[in-house]
2 protein chains.
Amino acid sequence: MRLRLMEATVECLVELGWSGTSTTVVSQRAGVSRGAQLHHFPSKQALVVGAVEHLTERRRHAMADTVRTLPDVGRTRAVLDVLAEQFTSPVFFAALELWVAARTDPDLREAVAPLERRVGRETHAYALELLDVDEQRGRNRELVQATLDLLRGLGLAGTLTDDSRRRAAVLDAWAVTLDTGLER
Amino acid sequence: MRLRLMEATVECLVELGWSGTSTTVVSQRAGVSRGAQLHHFPSKQALVVGAVEHLTERRRHAMADTVRTLPDVGRTRAVLDVLAEQFTSPVFFAALELWVAARTDPDLREAVAPLERRVGRETHAYALELLDVDEQRGRNRELVQATLDLLRGLGLAGTLTDDSRRRAAVLDAWAVTLDTGLER
């Protein structure tokens, strides 16, 4: 029942945005009574932060399986596609709604900022692992950070229109940049 | 009076977000009667799109003056600071509110998407000019696009917490990458 509520929450954020998402709409969509919803998540904030956190983690577990399928040749470019998927997925759109709402809502920001830092650290560690580099060497740390910032910017650019062709060309060039700049 | 309304609109978007911004709140803040406001901007959508468009342009004109102050040594890094300012300014936050609201509002998206494309093209041309490169050569085009996507991602990362130290380190590394990768 918790899971159904969290999945319905992310669906609502993706389709209706922050202001269109309410605990009532989520309960209806999940087919869960108001009483049960309030028992699991006493407020919109608890529901939304819990949902984004949970689904971000589930997504990362699913992606961990893809590591084994990475090719030896063209690995960097393949890694960029795996990472880019995180920033063009429904969970990214849901997190974006939460993030932007938190900017002007101090209570929500207090709940979202630690989640964002934790997800940021984990994604950074995951990117290091996929790219198979030591962040202590050369400019590796900053290049991996730049990669994630780039992907976040591309994710934002892809919210209004289909930006996939341009994104692919940018990531082609970025893969060359990484293979040149990363110290292995 | 138009200008006062547009400036008040951007202030409201920055402080109160999309859902907290209404034509009533903007009129009050601008000290303009409802009738006059409706005469200049018949809807919230017209007001908000007009305001973000106008202030984006004004900002760009202001920045054009900075081109003359760029140093010869360390020019690339200085250019990144000039561009980064665009993505950490109040106008960026206002545009972000508009952009995210437009994702789930088809009418608003129809008004915002052309504005976004135009601003994107102009910013790209401006970046080429500042970096003083020909986009037909090598991977220049993609590297400049990546630069703007990176800055957009850094801008988004800076909305919840003060991210300026990390941003400076990422841009230091990126300046080295650009000086290596751009064909001049």
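- As recorded in an unreviewed UniProt entry, chain A goes by TetR family transcriptional regulator and comes from Aeromicrobium erythreum.

1. With respect to the overall build of chain A
Link 1 in the chain: Helix and strand content of chain A: 9 helices and 0 strands.
Link 2 in the chain: Listing every helix and strand of chain A by position from the N terminus yields α-α-α-α-α-α-α-α-α.
Link 3 in the chain: In terms of overall dimensions, chain A has C-alpha extents of about 55 × 35 × 35 Å along its principal axes.
Link 4 in the chain: Within chain A, contacts between residues separated by at least 24 positions form 70% of all contacts whose residues are at least 6 apart in sequence.
Link 5 in the chain: As displayed, chain A has an accessible area near 8200 Å², and 51% of this comes from carbon and sulfur atoms.
Link 6 in the chain: Positive and negative side-chain charges of chain A, numbering 24 and 26 respectively, have mean locations separated by a distance of 3 Å.

2. Considering helix α5 (residues 75-86) of chain B
Link 1 in the chain: With 12 residues, α5 of chain B extends 17 Å between its outermost C-alpha atoms, agreeing within 8% with the 16 Å of an ideal straight helix rising 1.5 Å per residue.
Link 2 in the chain: The buried fraction of α5 of chain B is high, at 9 of 12 residues.

3. As for the interface of chain A and chain B
Link 1 in the chain: Contacts between the two partners involve 41 residues from chain A, matched on the other side by 41 residues from chain B.
Link 2 in the chain: The largest share of the area that chain A buries against chain B comes from Arg103, Leu156 and Leu160 of chain A, three residues that together contribute 21% of it.
Link 3 in the chain: The tally of links from chain A across to chain B stands at 4 salt bridges.
Link 4 in the chain: At the boundary of chain A and chain B, one finds 16 residue pairs in polar contact (both at pLDDT 80 or more).
Link 5 in the chain: Counting only elements with at least two residues in the side of chain A that touches chain B, the list comes to α1 (2-20), α6 (90-103), α7 (106-131), α8 (140-157) and α9 (164-181) of chain A.
Link 6 in the chain: When residues in the side of chain A that touches chain B are grouped by element, the largest group, 11 residues, is from α8 of chain A.
Link 7 in the chain: Partitioned by chemical class, the residues of the side of chain A that touches chain B number 22 nonpolar, 8 polar and 11 charged.

4. As for the packing of helix α4 (residues 44-64) of chain A against α6 of chain A
Residue and element names in this part refer to chain A.
Link 1 in the chain: Contact geometry of α4 with α6 gives a least axis separation of 10 Å together with a crossing angle of 150°. In this view, α4 runs roughly antiparallel relative to α6, as classed from their interaxial angle. For the element pair α4 and α6, the recorded crossing hand is left-handed. Contacts between α4 and α6 involve Val48, Val49, Val52, Leu55, Thr56 and Arg59 from the first element and Val91, Ala94, Ala95 and Leu98 from the second.
Link 2 in the chain: Here the residues of the contact of α4 with α6 sort into 8 nonpolar, 1 polar and 1 charged.

5. So, the relation of the copies chain A and chain B
Link 1 in the chain: Expressed as a screw transformation, the operator carrying chain A onto chain B has a rotation angle of 180° and an axial translation of 0.0 Å, and the superposed copies differ by an RMSD of 0.0 Å. Viewed as a symmetry operation, the transformation between the two copies matches a two-fold axis.
Link 2 in the chain: Most of the interface of chain A is mirrored in chain B: 100% of its interface residues are interface residues there too.

6. Describing the environment of Cys12 of chain B
Residues and elements named next belong to chain B.
Link 1 in the chain: When you line up the elements, Cys12 lands in helix α1 (residues 2-20).
Link 2 in the chain: Its relative accessible area of 0% is what places Cys12 among the buried residues.
Link 3 in the chain: Separated by 30 residues in the primary sequence, Cys12 and Pro42 place their C-alpha atoms 18 Å from one another.
Link 4 in the chain: Contact partners of Cys12, with chain neighbours within four places excluded, come to Gly17, Thr21, Val25, Val26 and Arg29.

7. Topic: the UniProt feature "domain: HTH tetR-type" (unreviewed entry) in chain A
Link 1 in the chain: Feature annotation in UniProt places "domain: HTH tetR-type" (unreviewed entry) on residues 1-59 of chain A, given in this structure's numbering.
Link 2 in the chain: Counting secondary structure, residues 1-59 of chain A comes out at 85% helix and 0% strand; the distance between its end C-alpha atoms is 19 Å.

8. Structural notes on the environment of His124 of chain A
Residue and element names in this part refer to chain A.
Link 1 in the chain: Within the secondary structure, His124 sits in helix α7.
Link 2 in the chain: Along the backbone, His124 and Leu148 are 24 residues apart, and their C-alpha atoms lie at a distance of 7.5 Å.
Link 3 in the chain: For His124, the residues in contact, after removing those within four places along its chain, are Glu135, Arg141, Val144, Gln145 and Leu148.

Reading guide: rules and limits
- Residues numbered from 1 in each chain as written.
- Chains lettered and ligands numbered in written order.
- Predicted model: local features only at pLDDT ≥ 70, side-chain atom pairs only at ≥ 80, totals over all residues.
- Heavy atoms only, no water.
- Helix = DSSP H or I, 4+ residues; strand = E, 2+ residues; numbered from the N terminus.
- Contact = heavy atoms within 4.5 Å.
- Areas by Shrake-Rupley, 256 points an atom, 1.4 Å probe, with all protein chains shown as cover.
- Lys, Arg positive; Asp, Glu negative; His and termini not counted.
- Charge placed at Lys NZ, Arg CZ, Asp CG, Glu CD.
- Expected span 1.5 Å × (residues − 1).
- Buried < 20%, exposed > 50% of the residue type's maximum accessible area, 1.4 Å probe, protein only.
- Buried area = accessible area lost by both parts, 1.4 Å probe.
- Salt bridge = Lys/Arg side-chain N within 4 Å of Asp/Glu carboxyl O.
- Polar contact = N/O pair within 3.5 Å; in protein donor to acceptor, adjacent residues only side chain to side chain.
- Nonpolar A, V, L, I, M, F, W, Y, C, P; charged D, E, K, R; others polar.
- Axes fitted to C-alpha atoms, helices over the stretch in contact; angles between N-to-C directions.
- Parallel < 35°, antiparallel > 145°, perpendicular 65-115°, else oblique.
- Left-handed = near helix turned anticlockwise from the far one by under 90°.
- Least-squares fit on C-alpha atoms with pLDDT ≥ 70 in both.
- UniProt positions renumbered as here; feature names shortened; annotations may be inferred.

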